Amino acid sequence: MKFLPSLLIFGLLFLQYIHGFEFVIDGEWEEDMSSDLEQHERHKRAILTSEEQTDFQIVSGDDITIKSYRIESHVTSRFAHTTVRSHVVNSGAKAQTIGFNVQIPKRAFISNFTMNVNGIIFKGSVKEKSVAQNLYNRAKARGKAASILRANSQDMETFQTEVYVPPGSNIEFELNYQEMMQRKMGFYEHQLYLQPGRLVPHFQVDVYIFEPNGISKVETTHTLDSHFAELIKVSTTDDKAHIVFKPSLQQQRKCSNCTDSAIDGVLNVIYDVKRDNNGELQVSDGYFVQFFAPTNLSPLPKNIVFVIDVSGSMWGVKMKQTVEAMQAILDDLTTDDHFSVIDFNHNVRCWNEDLVSGSRLQVGNAKKYIQDIKPNGGTNINEALMRAVQILVRASNQGLIDPRSVSMIILVSDGDPTVGETKLSTIQKNVKRVMKEDFSLFSLGIGFDVDYDFLERIAMENRGIAQRIYANHNAADQLRAFYSQVSAPLLRRITIQFPEDSVSDVTQNQFDKFFSGSELVVAGKVLPSDTNTLTSFTTASAARLDLTLETETDTTELDQRLANLHHSFPGFARQLWAYITIKQLIAERAMASTAAKKRKITQKILSLAVDHQFVTPLTALLVESEDESERLLADSPKDAKHGCCPGGGVNPVPLVYHHPPWVQMSTPAPPSQFSKGPEEWALPQKVNLVDNDPHFIIHLPRHNVDVCFNIDSKPGHILNLLSDSGTGVVVNGQLIGSKKLYKNKVSTYFGTISVYSQPEGVSVTASTDNITISDERNSHVFSWDATADITQDGVRIHIMKKSNVTITINGNIQITVLLHRIWKKHPVNVDFLGIYMPTNNQYSPLVHGLIGQFSREPDVNVYDVREGVDPLKKEATMEVKGNQLQVTRGWQKDYRTEKKHGSIVYCWFVHSSGKGFIDGHYTDYIVPHLNSFLQMN
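Residues numbered from 1 in each chain as written. Predicted model: local features only at pLDDT ≥ 70, side-chain atom pairs only at ≥ 80, totals over all residues. Heavy atoms only, no water.

Q: Give me the overall build of the protein: which residues, what numbers.
A: For the protein, the helix and strand inventory stands at 15 helices and 51 strands. For the protein, the proportion of its 937 residues judged to be buried stands at 57%. Contacts in the protein between residues at least 24 apart in sequence constitute 69% of all its contacts with a sequence separation of at least 6. For the protein, the exposed area adds up to about 39,100 Å²; of that, 49% sits on carbon and sulfur atoms. (Helix = DSSP H or I, 4+ residues; strand = E, 2+ residues; numbered from the N terminus. Buried < 20%, exposed > 50% of the residue type's maximum accessible area, 1.4 Å probe, protein only. Contact = heavy atoms within 4.5 Å. Areas by Shrake-Rupley, 256 points an atom, 1.4 Å probe, with all protein chains shown as cover.)

Written as structure tokens, this is what we have:
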């Protein structure tokens, strides 16, 4: 907590029922630091560790009541607009300081912050940093400002505000931030940090996703307690998804009588989209966005030189984790790949002076070499990188490198250079001078005692990227995760172009490489045209292929769709273009060779950031009361590499960089049912089924025999197929009749199937027209014409377009309903449904029903097989349940694999509606309602 430095200010603000703000600026107002200060900061970085932790709460203070806390994200075409709101009351007997704290992803831009304190409204606006600072200083001189903190930690930024209020005060906070979802490892991940620190009567998280081309999967992971999993509800359609987490007050408690909240962790929403190899081109509000992420391409061969820091500072957990990661990374190499290993301290050693094949023998030798490394000495980064480039250049000059392969250097270091060339700018120039255009440099900085800014510059300048690795127990996982992002290059030299005079202000459209699981994004403005069509052309080199791909889109269609969507973000394209442009300009500014170029780029960033209201390293968020007398200032914090820094006349605050245990690193999506293909959903190996008019086929696994029977009931009757009062699951089917008599008989079919899960209160009713999902308060109708995944409580519904719907309850009971469409003008037949239930469904001992009763397999003995009246159908005697039945050998149809004609299933047919094989009479299974449980006498 930070309090007002002056009692006078403290008293003035108390009288006005509000405590003003000041953001402690974790960054620099000046362009450059002196060399002495740089050395001082290196020392500070060296003593910071990622293991330091502090408790974190969304709202802090004593004797306060959090009336509500809501997070709402609208993700449209990979661009997320997130709003965090909290309503807090000072319920204590005295005035106090109340804090509002939010953790947001580092890659996000804050776009606004507002507050309502006892009716005094504070509104935010983004301004050029110097302008905001001047306005803020005026308020500070009048005692109308105080202090708060923004700081960086592992892969998030902490936004913390404080306000001093008298008892009974009401405070409403609202923070807005925006970010582009980056595709890594084949999916997008939206992280929300949930740590209320106390019980909240109205706690709710909503994430709305809209992807115009469709969503291929949506799932959630979390670091919350396991019992919260069933409270995270996911509903999806073909192009939309809604994730809601709304635990009740009782559900939030750590125990039934506890007053502490059990909510403490991260909620991750993971999704991917349906995509075309040609790319996805979208146009909205005069801006275009081209997404490009092709699949089904063979990986390009790799040439990698691993450069590993083995100086004394790597001793201990850093070296252990690096060695562990390298063992797995080297195992990933194939015989088409070539590699070598360099380790360096004050000296530089090469495991092999030349690139060698990634054969099992060479990999084994390299792993043994790395295992025997003992860290000691200084850090000679310059010479190590020069030797790495020499290895690649020599192999290239000797014609040993496939011209379609990808050559890269991966540097792993935990410190600044201390031996040889130590001037960072000189090292940067040296590396750029010797690197060939076909080579890339990837930099991994371990811990905080490394100048990450330097590593980032040399990587970006040489067609690579940098990443900080946090030196803790999962550092090996972080190293492997990074490598997995660059381990499968699919394309080289990608260019995305547009016809002349069709677009302007285009972001980077030439890319050196494309890696599997990632995505390339290009955005820009659409120029006025006589047509409603925009076309893009993508060229790239793949393994043994040169590609030219064309993508076309209607420039008006998406805006029409967005206008009809309640939870979309209509301004996504404009903001996404600005977001990408500013990020690229910031990177370009960091590498500017002259002060004039830097100033020019700075002006571009300022103009865009103010116009699009983004808090960047060059802008600040000024938050003002309506009369402009009281002000807050939010600056964008610098990265943890700078430790703590002075800023703008504000007293420096020592920052502690935390690695909370609940932070989840970017790792591959955990295996789940979302990764299953439609055939896996629809085709369990053995099933009990009802299809046609209606034919029951019961599979008896222990006897490996199928028994069939028909039910000759009346249209309108509801038959119970499964009734399990133990699990609370019931499946009923309502019969419909054929259009007219056929052979003096009205055939009956199932026209409606209802699956009801009583504990969750969720009912899924499939008819030949649609699928309806209902609970106690809501009813949602889904068409057969769209693919959808819906999760509600413990019930998951998977709709395959015009084919089937699979309902899975708590992961262990699955029911698939097949849709049979009949020619509309057919004189007799009607559309109907088939039902398929895997024999390995897990029911309770109380299960019953026409199908459910056979989860307890009866003893069956078929004997005296003989010729029947029909020579194709043998007859036999069946002993079952104390009855001797005359049965006929016949066949029925399973329509899961062959929808039109069906697959033949041979079975013994029991006559008279299954009499003697089923318990009681078939009329015992007629129930009054679609959600009725069976009442057996």
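Next, the rest of the story.
Q: So what's going on with the packing of helix α7 (residues 381-397) against helix α8 (residues 424-434)? Which residues, and what values?
A: In the contact formed by α7 and α8, the axes pass within 10 Å of each other and the chain directions differ by 5°. One way to sum up the angle between α7 and α8 is to call them roughly parallel. Counted together, N382, L385, M386, V389 and V393 of α7 and I427, N430, V431 and V434 of α8 form the full contact between these two elements. When grouped by side-chain class, the residues that make up the contact of α7 with α8 number seven nonpolar, two polar and no charged. (Axes fitted to C-alpha atoms, helices over the stretch in contact; angles between N-to-C directions. Parallel < 35°, antiparallel > 145°, perpendicular 65-115°, else oblique. Nonpolar A, V, L, I, M, F, W, Y, C, P; charged D, E, K, R; others polar.)

Q: If you had to explain the sheet that holds strand β18 (residues 287-292) to someone new, which residues and values would you point to?
A: Sheet strands associate in pairs through backbone hydrogen bonding, adopting either a parallel or an antiparallel arrangement. Here we have four strands laid out as an open sheet, ordered β17-β18-β29-β27, and antiparallel in their pairing. Only two strands of the sheet have a single neighbouring strand rather than two, namely β17 (280-284) and β27 (503-504). Two strands pair when backbone bridges link them, and β17 and β18 are joined in this way by five bridges, in the antiparallel orientation. Bridge pairing links Q282 to V289 in β18. (Pairing = 2+ DSSP bridges.)

Q: Hey, could you go over the nonpolar core for me, with residue numbers and the actual values?
A: Counting residues in hydrophobic clusters, the biggest one holds 57 residues, and the most contacted among them are F113, L194 and F245. Not counting residues within four places of it along the chain, the set of residues in contact with L194 comprises I58, I71, F203, V205, L224, F245, I263, D264, G265 and L267. Residues V729, V764, F854 and F917 belong to the second largest nonpolar core, which totals 56 residues. (Core = buried A, V, L, I, M, F, W, Y, C linked by side-chain atoms within 4.5 Å.)

Q: Please give an account of the environment of M435 that cites residues and values.
A: Residue placement: M435 occurs in the loop between α8 and β24 (439-446). Residue classification places M435 among the buried positions, given a relative accessible area of 8%. For the pair M435 and M386, spaced 49 residues apart in sequence, the C-alpha to C-alpha distance is 8.9 Å.

Q: Hey, could you go over the packing of helix α5 (residues 317-331) against helix α6 (residues 360-371) for me, with residue numbers and the actual values?
A: For the pair α5 and α6, interaxial distance at closest approach is 10 Å and the crossing angle is 175°. Taken together, α5 and α6 sit at an angle that is classed as roughly antiparallel. Facing α5, whose interface residues are V323, M326, Q327, L330 and D331, α6 presents V363, A366, K367, I370 and Q371. Classifying every residue of the contact of α5 with α6 by side-chain character gives six nonpolar, two polar and two charged.

Q: Quick rundown of α7? Include the residues and the values.
A: Under the 1.5 Å per step criterion, the end-to-end length of α7 is 24 Å for 17 residues, consistent within 8% with the ideal 24 Å. Buried within α7 are the following residues: I381, N382, A384, L385, M386, R387, A388, V389, I391, L392 and A395. (Expected span 1.5 Å × (residues − 1).)

Q: Quick rundown of the state of the cysteines? Include the residues and the values.
A: Evaluation of the coordinates by the stated rule reveals two disulfides. For C255, the disulfide goes to C258, at an S-S distance of 1.8 Å. Classification of the bridge connecting C255 and C258 rests on its S-S torsion, roughly 95°, and on that basis the disulfide is right-handed. In this model C708 forms its disulfide with C907; the gap between the sulfur atoms is 1.8 Å. Given an S-S torsion of about -120°, the disulfide between C708 and C907 has left-handed geometry. Here C907 lies in strand β51 (residues 903-910) and C708 lies in strand β36 (residues 705-710), a separation of 199 residues in the sequence. Per residue, the accessibility class of C708 equals that of C907, and both read buried. (Disulfide = S-S within 2.5 Å.)

Q: How would you explain the packing of aromatic side chains if you had to name every residue and give the values?
A: How two aromatic rings sit relative to each other is set out by the distance from centre to centre and by the angle between their planes. Inspection of the entire model under this criterion finds 24 aromatic pairs. Their ring planes at 20° and their centres at 6.1 Å tell us that F79 and F569 sit as a pair that is stacked. Here the residue F79 occupies a position in strand β4 (residues 79-90), and F569 occupies one in the loop between α11 (557-563) and α12 (572-590), the gap between them amounting to 490 residues. This pair shows no difference in class: F79 is buried, exactly as F569 is. Ring geometry for F109 and Y579: centres 5.3 Å apart, planes at 55°, overall tilted. Taken together, the positions of F109 in strand β6 (residues 109-117) and Y579 in helix α12 put the pair 470 residues apart, joining distant regions of the chain. Judged by relative accessible area, F109 falls into the buried class, the value being 5%. Judged by relative accessible area, which is 4%, Y579 ranks as buried. Joined through ring pairs, the aromatic side chains of F79, F109, F569, Y579 and F614 make up one cluster. Sitting over the face of the ring of W891, K873 holds its NZ or CZ atom 5.9 Å from the ring centroid. (Phe/Tyr/Trp six-rings, centres within 6.5 Å; stacked < 30°, edge-to-face > 60°. Lys NZ or Arg CZ within 6 Å of the ring centre and 35° of its normal.)

Q: Which residues make up the sheet that holds strand β11 (residues 188-194), and what values do they have?
A: What the three strands build is an open sheet, ordered β11-β16-β13; its pairing is antiparallel. Pairing within the sheet leaves two strands with one partner each, and these edge strands are β11 and β13 (215-222). This sheet shows a mean twist of 15° between the axes of neighbouring strands, independent of strand direction. Across seven bridges, the pairing between β13 and strand β16 (residues 265-273) is antiparallel. Paired with E219 across the strands is I270, a residue of β16.

Q: Give me the lowdown on the pattern of salt bridges, citing residues and values where you can.
A: Counted under the stated rule, the structure contains 37 salt bridges. The partner of R78 in a salt bridge is E211, with the nearest N and O atoms 2.7 Å apart. Taken together, the positions of R78 in the loop between β3 (64-76) and β4 and E211 in the loop between β12 (202-210) and β13 put the pair 133 residues apart, joining distant regions of the chain. As a salt-bridge pair, K513 and D512 come within 2.0 Å of each other at their nearest N and O atoms. We classify K513 as buried; its relative accessible area is 9%. Residue D512 is classed as partly exposed on the basis of its relative accessible area of 25%. (Salt bridge = Lys/Arg side-chain N within 4 Å of Asp/Glu carboxyl O.)

Q: I'd like a description of α8, backed by residues and values.
A: Of all the residues in α8, the buried ones are L424, I427, Q428, N430 and V431. The buried residues of α8 occupy an angular sector of 165° when the element is viewed end-on, so they sit on one face. Seen from the open side of α8, the exposed residues pointing more than 90 degrees away from its buried face are K429 and R433. (Arc of directions from axis to C-beta.)

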